Each structure stands twice: as C-alpha cells, then as structure tokens.
Amino acid sequence: MKRNARIAGLVAAALAASGLSTVALTSNAQARASQANAVQAQALSAQTRALADWHGAKPTIVLVHGAWADAAGWTPVVERLEAAGFPVKAPPNPLRGLDSDAQYIHSVLEQIQGPVILVGHSYGGAVITNAVQGDPEVKALVYIAAFAPATGDSLAGLNGSQPGRTIPALPVTATSYPGPGGTTGTELTIDPTRYPGVFLDNELPLDQEEALAAEQRPLSLAAVTETSGTPAWQTIPSWYMVAEGDHAIAPALEEFMATRAHAHTVEANGPHLIMLTKPGAVTDLIEQAARATAR
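Let me begin by describing the structure that accompanies this report. (Residues numbered from 1 in each chain as written. Predicted model: local features only at pLDDT ≥ 70, side-chain atom pairs only at ≥ 80, totals over all residues. Heavy atoms only, no water.)

1. Considerations on the overall build of the protein chain
The following threshold applies: A run of DSSP states H or I qualifies as a helix once it reaches four residues; a run of E qualifies as a strand once it reaches two. Both are numbered from the N-terminal end. Residue burial is assigned from relative accessible area. The probe radius is 1.4 Å, only protein chains are included, and a residue is buried under 20% of its type maximum, exposed over 50%, and partly exposed in between. Contacts are assigned to residue pairs with any non-hydrogen atoms lying within 4.5 Å of each other. Each accessible area is a Shrake-Rupley estimate made with a 1.4 Å probe; only the visible protein chains count as cover when residues are assessed.
Looking only at helices and strands, the protein chain has 12 helices and nine strands in total. With 295 residues in all, the protein chain has 46% of them scored as buried. In the protein chain, once contacts between residues fewer than 6 apart in sequence are set aside, the share between residues at least 24 apart is 73%. Summed over its atoms, the accessible surface of the protein chain is roughly 14000 Å², and 56% of this surface lies on carbon and sulfur atoms.

2. A word on the side chain of Asp246
Test applied: Only four residue types enter the charge count: Lys and Arg as positive, Asp and Glu as negative, with His and the chain ends excluded. Salt bridges are identified by distance alone: a Lys or Arg side-chain nitrogen within 4 Å of an Asp or Glu carboxyl oxygen. Whenever a nitrogen or oxygen atom comes within 3.5 Å of another N or O atom, the pair is scored as a polar contact, on the condition that within protein one atom can donate a hydrogen and the other can accept it, and that pairs from neighbouring residues in sequence are kept only if both atoms are in side chains.
Positionally, Asp246 belongs in the loop between β8 (238-243) and α10 (251-260). No salt bridge is formed by the buried Asp246; its nearest oppositely charged neighbour, Lys278, is found at 13 Å. Looking at Asp246, its side chain comes within polar contact range of the side chain of His272, at 2.8 Å. Those residues in contact with Asp246 that sit more than four places away from it in its chain are Ala145, Ile167, Pro251, Glu254, Gly270, Pro271 and His272.

3. Some remarks on the sheet that holds strand β5 (residues 172-178)
What counts, and what does not: By this definition, two strands are paired if DSSP reports at least two bridges between them.
Taken in spatial order, the three strands make up an open sheet running β5-β6-β7, and their pairing is antiparallel. On the outer flanks of this sheet lie β5 and β7 (219-220), each paired with one strand and no other. With seven bridges connecting them, β5 and strand β6 (residues 184-190) associate as antiparallel partners. Its bridge partner being in β6, Pro178 is matched across the sheet by Thr184.

4. Brief notes about the pattern of salt bridges
Inspection of every chain in the model, using the stated rule, returns two salt bridges. Across the pair Glu187 and Arg96 runs a salt bridge whose closest N-O atoms are separated by 3.1 Å. Remark: Arg96 occurs in the loop between β2 (88-89) and α4 (98-110) and Glu187 occurs in strand β6; sequence separation between them is 91 residues. Since its relative accessible area comes to 14%, Glu187 is described here as buried.

5. Structural notes on unusual backbone geometry
Of note, the phi angle at Trp68 is positive, near 60°, even though the residue is not glycine. You can see Trp68 is positioned in the loop between β1 (60-64) and α3 (75-83). Although it is not a glycine, His262 sits at a positive phi angle of roughly 55°. As for its placement among the helices and strands, His262 is situated in the loop between α10 and β9 (264-268).

6. So, the packing of aromatic side chains
Our working definition: Pairing of aromatic side chains requires ring centres within 6.5 Å, counting the rings of Phe and Tyr and the six-membered ring of Trp. Pairs whose planes differ by under 30 degrees are stacked, by over 60 edge-to-face, and all others tilted. We call a charge positioned over a ring when the NZ of a Lys or the CZ of an Arg lies within 6 Å of the ring centre and within 35 degrees of the ring normal.
Counted according to the given criterion, the structure contains three aromatic pairs. Ring geometry for Trp68 and Phe199: centres 6.1 Å apart, planes at 85°, overall edge-to-face. Of the two residues, Trp68 sits in the loop between β1 and α3 while Phe199 sits in helix α7 (residues 195-200), which places them 131 residues apart along the sequence. Taking the relative accessible area as the measure of exposure, Phe199 reaches 0% and is therefore buried. Between Tyr143 and Tyr240, the aromatic rings sit 5.9 Å apart at their centres with planes inclined by 20°, giving stacked as the arrangement. Residue Tyr143 is located in strand β4 (residues 138-144), and its partner Tyr240 is located in strand β8; the two are separated by 97 residues in the primary sequence. The class for Tyr143 is buried, based on a relative accessible area of 0%. Grouping aromatic residues by their ring pairs yields a cluster made of Trp68, Tyr195 and Phe199. A cation sits over an aromatic face here: Lys58 above Phe86, 4.8 Å from the ring centre. The ring of Tyr177 carries Arg96 above its face, with NZ or CZ at 4.3 Å from the centroid.

7. Overview of the pairing of β4
Regular strands show a simple pattern: their side chains alternate between the two faces of the sheet. Going by this rule: Here, the term right-handed applies to a crossover whose path from the first strand over the helix to the second runs clockwise when the strands point away from the viewer.
In terms of residue burial, β4 counts as a mostly covered element, since six of its seven residues are buried. Each parallel crossover has a hand, and the one from strand β3 (residues 116-121) via helix α5 (residues 123-131) to β4 is right-handed. Of the strand pairs in this sheet, β4 and β8 are connected by four bridges, and their pairing is parallel. By the bridge assignment for β8, Val142 is matched with Trp239.

8. As for the pairing of β6
Here β5 folds back onto β6, and the loop between the two strands holds five residues, one of which, Gly181, carries a positive phi near 65°. As paired strands, β6 and β7 are joined by two bridges and run antiparallel to one another. Following the sheet pairing, Leu188 is matched in β7 by Leu219.

In structure tokens:
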C-alpha cells in the first residue's frame, strides 16, 4: 500500500512540474491502486482464514503399532508430527486377539475430541480396519506396511495366499501364557537372531537391532487366526505405504491389499519397520492424508 501511494505521488509531482492537469490521471491511478490493494487484502485474508481453519481442525494422529514391536517404534515419526503441530497418540496394542484389540483401540478413539487420522503398522493395520467402522471422527486410515483385511480374512489366510507366499515363512517360536478362567493361550515370538534381517533388513546399527529383538512383544495365536469383520476402508478414505524390502509381509500382498482397499498408494524402498528407517517418508504420507481430509 505504501508503495502504491508513493508511486501515485511521484506521478502527480511529475505531471504538476510539466504543467499538465493531474486530476483525471491521479483519480485513475488511485482507483487502480485501491483495486489492487483490495485484491491483495482479500487474498491475504483468504490465506489467513485457510491457515486458521487448518490449525483449528488439525487432527489427532493415532499410531497403532504391530506385532513383535511396541509404541516406541513410532518415536521418529512422533517427533516429526509433533514438530509439525499435530497432536499425537501412540497407544499400546494389546496383541491378544483381533476383536479385543480393535475394541481397545476403539475405546482410545472415543476419548479423543475432534478429527482423527488413524495409522496402523503391520498387524496394527488389521486392528484399525476393525476398530472404526462408521466412526465419523476418523477421517482417514493410513496403512504402513500393514494388513488391510477384508471381511472373513485372517492374518494366517492372507499370509498363506498366493501373494503372501512370495516370501519365506516367519521364524516364530510358540510358547504358552495364562488366560482368563484358568485357560492357556499360545503366543508367537520372532527368533531374536533372525529379527534384524526379517524386520530391518540390517539397515540399523546392530546394537539397536538387537535391542529391538530383545524388546519385542509376542503376538497371540488367536490374533493370527481370528477373522476380520467389515473393513473400515470400505467407507473411510485410506492411504497405503508398500515397503518394497519387507520380509515380514510380502510386498506383493501389500500391493494386493492396497489395491483392493482403493488406497492412495506409495512405494518406499525399506524393510518392514520402515517407520524406523524412513520416518520422513512415513510422516509425509500421514500428513498427505491429513491435508486431503481436512475440514
């Protein structure tokens, strides 16, 4: 505005010095300056409103970890999302059974005010698929190298399918654990010596990989064999990251599930725990989903 007024003053001074009338020219110049200023102000106002709307509606990002891991695996992604101004929750996934785990995550979501972007990794993808059917506050599902089952699918069935069999079977050990009412359950643990190769493709420092192997949380056999209900991706927009170097879920199976879910799909060159090796790419995909579904 100061620049336009200064230009108009210089034009008027020059015309006055030359002895010409400035009334009509100054009037036109001022009109044009006012119009330009109004357009600029309108654009800035619209931009300000858009920023205010974005910040006002910024969703909570809920990160659900998978089997043989825990919520700490999301740490590099949490740090980036929080730096970008997103509220973040990374609840523990019980890993005891698909239906009960989905109910637990659903209870977490019910206590969050406002819109949510729900993210699942590995088995966590099956959990988010079953946790939010018809929930109006969940604006997007984001699958990170994850299971996205359809009705009647189980993890065992998907891994045993043609695309699932394109990688070797997981090196698991079965042990028992006590259940309610004196029952006994079976849980599965990855061979710690093979964990770095299967989950990380040996991309992290060895001491960090060995720590992750030691800290892994086992998955109940019930979670592997229990069948999925109506998938939330039928009604909620979804995004999917295929980990091209995945040795825990076959990349071909990931591509199949992403296509079936009509997900916005990206491919990344990384292992199963890709949120640890490519946290920037994972964060970018989550932010894409948040922007695309912002109110």
